[in-house]
Amino acid sequence: MPKVIDNIQIGPQNWKMRVYVPKLVAKASPGQFVIVRVNEEGERVPMSIAGLDRENGLLTIIYQVVGKTSALMTTVEADGEILDCVGPLGLATHVDNWGTAILVGGGIGIAPIYPIAQAWKEAGNRVITIIGARSKNILFYEDEHKAAADDLHVCTDDGSYGHHGFVSDVLKKILDSDEKVGMIMAIGPVPMMRVVANLTRPYDVPTWVSLNPLMVDGTGMCGGCRVAVGDTTKFACVDGPDFDGHQVDFDLLTKRLNAYKEQEQDAFHRFLESPSCKLSEAVKNTG
Amino acid sequence: MAVERIQKKDRMKIPRCGMPEQEPLERIRNFNEVPFGLAEAVAVLEASRCLECTKAPCVAGCPVEVDIPGFLTLVVEGDFAGAARKIKETNSLPAICGRVCPQEEQCEAVCILSKKFTPVAIGYLERFVADYERENKLTRLPEMAPSTGLKVAVVGSGPAGLTVAGDLVKLGHKVTIFEALHKPGGVLVYGIPEFRLPKKIVQSECDFLAEMGVDFKNSTVIGKSDTIDELFDMGYDAVFIGTGAGLPNFMGIPGENLIGIYSSNEYLTRSNLMRAFDFPTYDTPIIKGRNVAVLGGGNTAMDSVRTALRLGAENAYIVYRRSEAEMPARAEEIHHAQQEGVQFHMLTNPVRFIGDDSGKVTAMECITMKLGEPDDSGRRRPIPIEGSNFTLDVDLVVVAIGNSSNPLIPQTTPGLETNRWGNIVVNEESMKTSREGVYAGGDIVTGGATVILAAGAGKVAARAMHEFLMTKKEAIAPDD
Ligand SMILES: Cc1cc2nc3c(=O)[nH]c(=O)nc-3n(C[C@H](O)[C@H](O)[C@H](O)COP(=O)(O)OP(=O)(O)OC[C@H]3O[C@@H](n4cnc5c(N)ncnc54)[C@H](O)[C@@H]3O)c2cc1C
Ligand code: FES
């Protein structure tokens, strides 16, 4: 069973876990994902790759506590184990030299764009990274991004840190400037990816997004992860997770992400109220 | 032990045994297995019905040619474990095949008794002896050949992969099974429901292989974590690909991405593998429809519709574009579904799905069909009757219209020949693919077929792989 090196809280709702999976790490590329199962009764949850330490065989995943499964993940202690971690799954993010390339990360999406920034930089791009969150205390990976990018812009919705406003405001400024941008990739909450895709359309800059539909197997077997891209239906776990943002049906994605909302909230609350719930107060407060 | 047998003409007078099972109204409220299995005395009497005819057409009717008269004789003699071992000479998975084989199209269809009377209940007896052996812990480790020092990788742990692994480990090879999911068994665990095939039976087959020395590496997707070529680099001497037909087909009609429309793979995987029927004890949720339509007429469709009933559906429909006679499901499953109150809409095909503002399916527009001339499959082609459209209120739809082959391995294995449907091309005598040392069998070769055909392909492949491996060994160390 994969060993957990550490599992620490990095924000009000966000945790960072490092797992020792040398084989997976040796094979994985930025943009791919893994599927994790914490305990026997647990779901199979897809997690973006948020860091690859190839020397030490360590995979970083960053997760937000949104329900029972992610809450349970917080209970895994350093030197503990998770049941399984399968991957790498999905296709790697495209890496090329486009001259200048922009990465936009919102919320939890700040994590997966970090290894992509490293890869794009290595390919010779001038990498501009824009990260944003609701508020300063939710931000993370600022130092990492500073090191990986040529230019880093930090935004908060409430103005508590960096640029007061949305990532899209900063992106628009860059697109309106003399900077010749060859590629944009946005990862984050669906509304953010939609706004970015809509913004860049008139500028005619290729804009890719990484989609996070609900998944079960992650190997193309179930079709639960289907997304509409242009006129076709794709299975995000094998055809993606990256797709042309100008073609994605974000409306459908949003609806499908809510398919089990009631059941999941019900399960989470039952779990929080159960006497055996050993979650820390920090986690319970997020529920 | 020779037992005095009943006179042949009297044997014909014995009626075929029935199978005791849970009452329909009770069983649709649980996921327990429906048939209980035969009692010993009933099994002996049933086996004694065999006329021991010289031609034994049943053997030829079995895709893997189980010595059926041989095992029936052992049942009559009361040597049930011996009977199980007799079957295992050619079929390693009798407890499973006794439950899921379409006997009415195979061995029992050609039983000489079926001409004037009813065939011997071969399937029930196969299940009986395998259960007897397992439950009484009479399963013996087979004789194992001394280690050859050669390594075999088996990709996929469905019936094809399990059979190859069992046969090759016995011959002294070191076998590792790589399985993408977190539990081994393939369709037997993620697809076929508990009420038809209890998961503990599949587990015990896998445990038995592990005891023989087979190494299971679950949660490993070949093509992603390692390619076939890398398996050779890692020191495997031969590879078997038994990855099944795991890419669900959809109808390709408007509205198919609405919430509440599942592929049967997703629906059954949620319920079986992830045990969503026991939500919230298990964390994986499932949509429980009140009006559920299942599209298709195969075993997968029957399994889905009967799962829907057990999850509380008030109306559970089978919607099938041909007529009942063309339904590919096992007769017993259709019969069980009818008993349980499933409503059959035959000669009906959906044309679009209708949803509400939140993106949930609420209805399905259908068209009535009629049967025309036979098509490529030999079945009469369904033709839509213009203007016959009607809508059916549904809040859950399960699409069970078959699978295509998963491209992951062909895409990452240069030189591996596939046909136009993406199935791996093999030599049928050896299951050898276009790549040296790489063999394949089961649904990835045939497209969606049956458990016994997959297991049979595994047998053939194992034999050829053994030969290949021993030749290779000779070449490496001729004096060994
Ligand atoms: C719901 C349902 C009901 C059925 N009912 C019956 C029945 O009653 N009777 C009958 O005879 N047949 C039945 N069938 C058909 C039968 O189950 C299949 O024909 C049979 O299981 C095929 O066996 P297989 O070994 O080829 O593959 P599968 O059983 O499909 O197993 C393949 C395995 O390979 C794994 N795999 C795939 N890709 C990879 C990879 N890249 N790396 C590692 N592992 C991989 C999969 O996860 C899977 O576990 C049914 C099928 C379904 C879906
Ligand atoms: S998650 Fe099942 S097909 Fe993508």
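Residues numbered from 1 in each chain as written. Chains lettered and ligands numbered in written order. Predicted model: local features only at pLDDT ≥ 70, side-chain atom pairs only at ≥ 80, totals over all residues. Heavy atoms only, no water.

Novice: Kindly report on the site of ligand 1, identifying the contributing residues and their values.
Specialist: All names here are of chain B. What surrounds ligand 1 is a group of 34 residues, the closest being V100, E179, R196, I222 and D443. Note that an oxygen atom of ligand 1 is positioned 3.3 Å from one of the backbone N or O atoms of P159. In the model, an oxygen atom of ligand 1 is placed 2.8 Å from a nitrogen or oxygen of the D443 main chain. Computed on the free molecule, ligand 1 has an accessible area of 1,000 Å², of which 94% lies beneath the protein chains in the complex. Sorting the residues of the shell around ligand 1 by element identifies α10 (159-170), α15 (299-310) and α19 (451-476) as the ones contributing at least two each. The leading source of residues in the shell around ligand 1 is α15, at three residues. Residues belonging to the shell around ligand 1 are distributed by class as follows: 16 nonpolar, 13 polar and five charged. Residue assignment places the shell around ligand 1 across two domains, with domain 2 (151-246 + 405-476) and domain 3 (249-402) each supplying three or more. (Near = heavy atom within 4 Å. Polar contact = N/O pair within 3.5 Å; in protein donor to acceptor, adjacent residues only side chain to side chain. Areas by Shrake-Rupley, 256 points an atom, 1.4 Å probe, with all protein chains shown as cover. Helix = DSSP H or I, 4+ residues; strand = E, 2+ residues; numbered from the N terminus. Nonpolar A, V, L, I, M, F, W, Y, C, P; charged D, E, K, R; others polar. Domains from an automatic or database assignment.)

Novice: Go over the packing of aromatic side chains, please, and point to the residues and values.
Specialist: The geometry of an aromatic ring pair is captured by two quantities: the separation of the ring centres and the angle between the planes. This model, assessed by the stated rule, comprises 12 aromatic pairs over all chains. Here F128 of chain B and Y132 of chain B contribute two aromatic rings whose centre-to-centre distance is 6.2 Å and whose plane-to-plane angle is 40 degrees, an arrangement assigned as tilted. In this pair, F128 of chain B and Y132 of chain B are both assigned in helix α9 (residues 122-135), four residues apart and thus about one turn of the helix distant. In this structure Y132 of chain B comes out as partly exposed when scored by relative accessible area, which is 23%. These aromatic residues form a ring-pair network of at least three members: Y114, F140 and Y141 of chain A. For R16 of chain B, the ring lying beneath its charged end belongs to Y124 of chain B, and the centroid distance is 5.5 Å. Over the face of the ring belonging to F195 of chain B we find R310 of chain B, whose NZ or CZ atom lies 4.0 Å from the ring centre. (Phe/Tyr/Trp six-rings, centres within 6.5 Å; stacked < 30°, edge-to-face > 60°. Buried < 20%, exposed > 50% of the residue type's maximum accessible area, 1.4 Å probe, protein only. Lys NZ or Arg CZ within 6 Å of the ring centre and 35° of its normal.)

Novice: Before we move on, could you go through the packing of helix α6 (residues 80-88) of chain B against α9 of chain B and cite the residues and values that matter?
Specialist: Residue and element names in this part refer to chain B. Close contact between α6 and α9 brings their axes to 8 Å; oriented N to C, the two are set at 110 degrees. The orientation of α6 relative to α9 falls into the category roughly perpendicular. Crossing of α6 over α9 shows left-handed handedness. Facing α6, whose interface residues are F80, A81, A83, A84, R85, I87 and K88, α9 presents E126, F128, V129, A130, Y132 and E133. The class makeup of the residues in the contact of α6 with α9 is nine nonpolar, no polar and four charged. (Axes fitted to C-alpha atoms, helices over the stretch in contact; angles between N-to-C directions. Parallel < 35°, antiparallel > 145°, perpendicular 65-115°, else oblique. Left-handed = near helix turned anticlockwise from the far one by under 90°. Contact = heavy atoms within 4.5 Å.)

Novice: Explain unusual backbone geometry to me, and be specific about the residues and the numbers.
Specialist: Omega for the peptide link from G87 of chain A to P88 of chain A comes to 0 degrees, which places this bond in the cis form. Cis peptide bonds are those with omega within 30 degrees of zero, and the linkage from G240 of chain A to P241 of chain A qualifies with 10 degrees. When you line up the elements, P241 of chain A lands in the loop between α7 (236-239) and β16 (242-244). With a phi angle near 70 degrees, D79 of chain A is a residue other than glycine that sits in the positive phi range. In this fold, D79 of chain A is placed in the loop between α2 (68-73) and β7 (84-89). One non-glycine residue, E65 of chain B, lies in positive phi territory at about 55 degrees. With respect to the helices and strands, E65 of chain B occurs in the loop between α4 (57-61) and α5 (68-76). Looking at E65 of chain B, the relative accessible area reads 52%, which means it is exposed.

Novice: Summarise the pattern of salt bridges; cite the residues concerned and give the values.
Specialist: All names here are of chain A. Tallying each qualifying case throughout the model produces 48 salt bridges over all chains. Among the salt bridges present, the one from D150 reaches K121, with a minimum N-O distance of 2.7 Å. Placement of D150 in the loop between α4 (142-148) and β10 (151-156) and of K121 in helix α3 (residues 113-122) is noted, with a sequence separation of 29 residues between them. D150 sits in the partly exposed class, given a relative accessible area of 36%. On the accessibility criterion, K121 (34% relative accessible area) is partly exposed. (Salt bridge = Lys/Arg side-chain N within 4 Å of Asp/Glu carboxyl O.)

Novice: Let's hear about the interface of chain B and chain A: which residues, and what values?
Specialist: In this complex, chain B contributes 42 residues to the contact, which on the side of chain A involves 40 residues. Each partner contributes to the roughly 3,500 Å² buried at the junction of chain B and chain A, and carbon and sulfur atoms together form 55% of this total. Per-residue buried area on chain B facing chain A is highest for K224, N257 and D283 of chain B; these three make up 21% of the total on that side. A salt bridge links K68 of chain A to D283 of chain B; the shortest N-O distance between them is 2.7 Å. The interface formed by chain B and chain A holds 20 residue pairs in polar contact (both at pLDDT 80 or more) in total. Mapped by element, the contributors of at least two residues to the side of chain B that touches chain A are β5 (247-248), β6 (261-263) and α14 (264-273) of chain B. If one sorts the elements of the side of chain B that touches chain A by residue count, α14 of chain B sits on top with four residues. Residues of the side of chain B that touches chain A, tallied by class, amount to 19 nonpolar, 14 polar and nine charged. (Buried area = accessible area lost by both parts, 1.4 Å probe.)

Novice: I'd like a description of the domain arrangement of chain B, backed by residues and values.
Specialist: Residue and element names in this part refer to chain B. Domain assignment breaks chain B into domain 1 (8-135), domain 2 (151-246 + 405-476) and domain 3 (249-402). Of note, the centres of domain 2 and domain 3, computed from C-alpha atoms alone, are 31 Å apart. At the junction of the two partners, domain 2 supplies 13 residues and domain 3 supplies 14 residues. The contact between domain 2 and domain 3 buries some 1,100 Å² in all, and 57% of this surface belongs to carbon and sulfur atoms. Three residues stand out in domain 2 for area buried against domain 3, namely Y190, F195 and R196, and they jointly supply 52% of the buried area on that side. At the junction of domain 2 and domain 3, the tally comes to two salt bridges. The salt bridge partner of E333 is R196, with a shortest N-O separation of 3.4 Å. Residues belonging to the side of domain 2 that touches domain 3 are distributed by class as follows: six nonpolar, three polar and four charged.

Novice: Give a description of the side chain of E326 of chain B that names residues and reports values.
Specialist: All names here are of chain B. Along the polypeptide, E326 turns up in the loop between β8 (315-319) and α16 (331-339). The buried charged residue E326 lacks any salt bridge, with R380 as its nearest oppositely charged partner at 5.9 Å. Setting aside anything within four residues of it in sequence, one finds E326 in contact with Y320, L371 and R379. (Lys, Arg positive; Asp, Glu negative; His and termini not counted.)

Novice: Run through the sheet that holds strand β1 (residues 3-9) of chain A, naming residues and quoting values.
Specialist: Residue and element names in this part refer to chain A. Across the sheet, which stays open at both edges, the four strands sit in the order β1-β2-β6-β5 with antiparallel pairing between neighbours. Lying at the two open borders of the sheet, with one neighbouring strand each, are β1 and β5 (51-53). Neighbouring strand axes in the sheet, compared pairwise and without regard to direction, differ in orientation by 20 degrees on average. (Pairing = 2+ DSSP bridges.)

Novice: Hey, could you go over α9 of chain B for me, with residue numbers and the actual values?
Specialist: All names here are of chain B. Over its 14 residues, α9 extends 20 Å from the first C-alpha to the last, a length consistent with the 20 Å expected when each residue adds 1.5 Å. Looking only at α9, the buried set comprises I122, G123, Y124, L125, E126, R127, F128, V129, A130, D131, E133 and R134. Directly after α9, the chain includes K137, whose backbone phi takes a positive value near 50 degrees. (Expected span 1.5 Å × (residues − 1).)

Novice: Before we move on, could you go through the pairing of β8 of chain B and cite the residues and values that matter?
Specialist: For a regular strand, side-chain orientation follows a simple rule: the groups alternate between the two sheet faces. Residues and elements named next belong to chain B. Most of β8 is tucked away: four of the five residues are buried. As defined by bridge partners, strand β7 (residues 291-295) adjoins β8 across five bridges and the pair is classed as parallel. Across the sheet, the residue bridging to N291 is N315, located in β8. One crossover worth recording links β7 to the parallel β8 by way of α15, and it is right-handed. Summarising the sheet, β8 and strand β9 (residues 343-345) pair through three bridges and their orientation is parallel. Each bridged residue has a counterpart across the sheet, and for I318 the counterpart in β9 is F344. Regarding the hand of the β-α-β motif, the stretch spanning β8, α16 and β9 is right-handed. (Right-handed = clockwise from strand over helix to strand, strands pointing away.)

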